[in-house]
Amino acid sequence: MKSSVILFSDIDHLVVKHNNLIEAKTQLSEVENKVVSLAVVLTRLHEKSSDRDMSINSTIRIYASDYMKTYSVGNTAAYNALNDAMDTLYNRSFTMTSEDGTPTIHRWIQSKGKGEKLNDGYIQFAFSTKAIELITGLEKGNYTSYGIERISRLKGNYSGRIYELIIKSKNIKGDDESIKTTKVFE
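Residues numbered from 1 in each chain as written. Predicted model: local features only at pLDDT ≥ 70, side-chain atom pairs only at ≥ 80, totals over all residues. Heavy atoms only, no water.

Glancing now at the overall build of the protein. Helices and strands together make up the secondary structure of the protein, namely six helices and 10 strands. Looking at the protein as a whole, 42% of its 186 residues are labelled buried. Summarising the internal contacts of the protein: among those between residues at least 6 apart in sequence, 65% fall at separations of at least 24. About 10,400 Å² of surface is accessible on the protein, with carbon and sulfur atoms providing 49% of the total. (Helix = DSSP H or I, 4+ residues; strand = E, 2+ residues; numbered from the N terminus. Buried < 20%, exposed > 50% of the residue type's maximum accessible area, 1.4 Å probe, protein only. Contact = heavy atoms within 4.5 Å. Areas by Shrake-Rupley, 256 points an atom, 1.4 Å probe, with all protein chains shown as cover.)

Following this line, the structure appears as structure tokens:
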């Protein structure tokens with residue numbers, strides 16, 4: 001079985017994350033970050049279509065063909081990347097500072113599974129409750145969005161992360177609300 005999702009057919013291919021998630025401490029690999037981004041996009045596409053049964057709080061299935069189309073890799077490379085990412089993403093976490101200043105660790109996903117056949121290969125997982133909150137609970141002006149095609153050809157563990165931080169801060173207003181400024185990174 002292959003995915004029925006057609007990527008890049010409209011402008012709804014946005015990765016949208018709460019700014020707190022973008023600023024959180026995390027150590028996702030390049031492939032893990034791409035899997036999370038693709039899961040956000042596919043979920044947003046499914047939410048826009050009433051004939052699809054997928055939502056952010058359900059199990060998300062990503063086929064090798066989805067990964068292959070999005071990130072311009074071959075079928076075997078997509079299948080291997082998804083399987084490797086699923087094995088490590090299950091153990092990954094992100095750290096955020098709670099309101100009282102306590103660093104708190106949250107998992108990215110709470111369950112995982114995968115289809116084993118190369119041509120029909122897929123992974124499936126459910127985001128953790130906190131990850132769902134930071135992907136769907138988007139307060140006005142407190143989120144960052146960008147087209148997945150912007151990161152689709154980036155290489156390296158930190159390139160996608162740096163891109164998100166730059167996009168998040170590109171329109172920050174300074175003390176004088178009429179002047180836009182760029183955040184200084186230490």
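Moving on from the model shown.
Our focus in this paragraph is the side chain of Thr70. Mapped onto the secondary structure, Thr70 falls in helix H3 (residues 64–71). Among the polar contacts listed, one links the side chain of Thr70 to the backbone oxygen of Asp66, at a separation of 2.8 Å. (Polar contact = N/O pair within 3.5 Å; in protein donor to acceptor, adjacent residues only side chain to side chain.)

Attention now moves to the environment of Asp100. One can find Asp100 in the loop between strand S4 (93–97) and strand S5 (103–107). Only 2.5 Å separates the side chain of Asp100 from the side chain of Ser98, close enough to count as a polar contact.

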